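Now for the letters of each chain:
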Amino acid sequence: MVTLANILAARATIAGIAEKTPLLQSDFLSKAAGQPFYLKLETMQPIGAFKLRGAVNALAHLPEGTRGVTCCSTGNHGRGVAYAARRAGMQALICMSALVPDTKRQAIQAIGGTLRIVGQSQDDALRESQRLAQEEGLAEISPFDNPHVIAGQGTIGLEILEAVPDAALLLVPLSGGGLAAGVALAAKAINPAIRVVGISMDRGAAMHASLQAGHPVEVTEHVSLADSLGGGIGLSNQLSFPLCRKWLDDVVLVTEEEILHAMQALYFEDGLVAEGASVVGSAALLSGKLSAPKGPIATILTGRNVDMAVFTRIVGGQDVVLGDLKLRGRAYAA
Ligand SMILES: *Cc1c(COP(=O)(O)O)cnc(C)c1O
């Protein structure tokens, strides 16, 4: 299992590699919420996403003599693992499905990671990375179902609670649940009364479907603006599913239009570039899907690794077409 002590230890392990990121109070979102609303800027990590925390902590726990690592990824975990592996002088073999956007692929190659593009889903990528681990003697690092990854992501919860000790509600972007599990564990160990709510897109939200079913289930993967939230949780999930089941108070789903609007709002109101997956907490607030919170709220801007050609269309109010996803452009209006 994972404990507060593991998360505190992870903080010391990752210090100096993963950043302690700023926490920004958004005036615009605070007005919308009627409460102070904070954004934890994981967009400022060296790889542009929080995944560096878990990756660095996981690599630090590999047995002496490990020659290389492999993982499946929707992009940001692979980038974190490749970055941490390069620092540790190890090879990194990153398995991804054809759904992963080009920008995320190129970023991994640019820091020396080797790519393996397989299949049409994160589950296909997972099978390939497990095969490579077996056949080539590499250590497999799950993006979310690994205790050291969960402890690494949990350090975000420590930092938020230290900055805002009276936080009443945390909104956590939710995919495989490593982030939500670690953050909820840390936050509730410090303040048991805090509410932690996971937020996913409404198309292909595997953890939400699994929590409803009471066991891990597979879902069809869809193209989404929140591409980093795609993919299953693994049918043999050991850790992130039970932890999310135990610690999450609720899960809220947002639409692609709501994600698009939140990306525009963060850009025009707060001058922030954030990828779709990272704005789902703000989207849930702006779309009125949260029950009125009684105290400060924080969400995590988990990453900024968005295709800039797509991003400029979104903020420019132009139509956006991604695979079978077609979104009508509209100029931003608060
Ligand atoms: C991975 C990721 C998430 C979700 O994290 P999980 O631990 O899989 O739930 C959210 N946002 C971004 C930008 C990510 O890369």
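Heads up: these notes are all about the structure in this document.

Rules behind the numbers
Residues numbered from 1 in each chain as written. Predicted model: local features only at pLDDT ≥ 70, side-chain atom pairs only at ≥ 80, totals over all residues. Heavy atoms only, no water. Axes fitted to C-alpha atoms, helices over the stretch in contact; angles between N-to-C directions. Helix = DSSP H or I, 4+ residues; strand = E, 2+ residues; numbered from the N terminus. Parallel < 35°, antiparallel > 145°, perpendicular 65-115°, else oblique. Left-handed = near helix turned anticlockwise from the far one by under 90°. Contact = heavy atoms within 4.5 Å. Nonpolar A, V, L, I, M, F, W, Y, C, P; charged D, E, K, R; others polar. Near = heavy atom within 4 Å. Polar contact = N/O pair within 3.5 Å; in protein donor to acceptor, adjacent residues only side chain to side chain. Areas by Shrake-Rupley, 256 points an atom, 1.4 Å probe, with all protein chains shown as cover. Pairing = 2+ DSSP bridges.

At a minimum axis distance of 7 Å, the contact between helix H3 (residues 51-60) and helix H7 (residues 147-163) shows a crossing angle of 135°. The angle between H3 and H7 falls in the class oblique. The handedness of the crossing between H3 and H7 is right-handed. Listed contacts from H7 to Lys51, Arg53, Gly54, Asn57 and Ala58 of H3 are His148, Val149, Ala151, Gly152, Gln153, Thr155, Ile156 and Glu159. In terms of residue class, the contact of H3 with H7 is built from four nonpolar, six polar and three charged.

Right, let's get into the site of the ligand. Around the ligand sit 16 residues in total, of which Lys51, Asn76, Ser175, Gly177 and Thr302 are the nearest. Between the ligand and Ser175, the relevant distance is 2.8 Å, taken from an oxygen atom to a main-chain nitrogen or oxygen of the residue. Between Leu179 and the ligand, the recorded distance is 2.9 Å, taken from a backbone N or O atom to an oxygen atom. Its free accessible area being 380 Å², the ligand has 98% of it covered by the protein chains. Here the shell around the ligand is composed, by residue class, of six nonpolar, eight polar and two charged.

Read from one edge to the other, the open sheet built from six strands follows the order S1-S2-S10-S7-S8-S9, with strand pairing classed as mixed. Only two strands of the sheet have a single partner each, and these edge strands are strand S1 (23-25) and strand S9 (250-254). Direction aside, the axes of adjacent strands within the sheet are offset by 25° on average. Across the sheet, helix H11 (residues 256-270) lies against strand S2 (37-41), strand S8 (195-201), S9 and strand S10 (297-301), angled at about 85° from S9, the strand it touches most.

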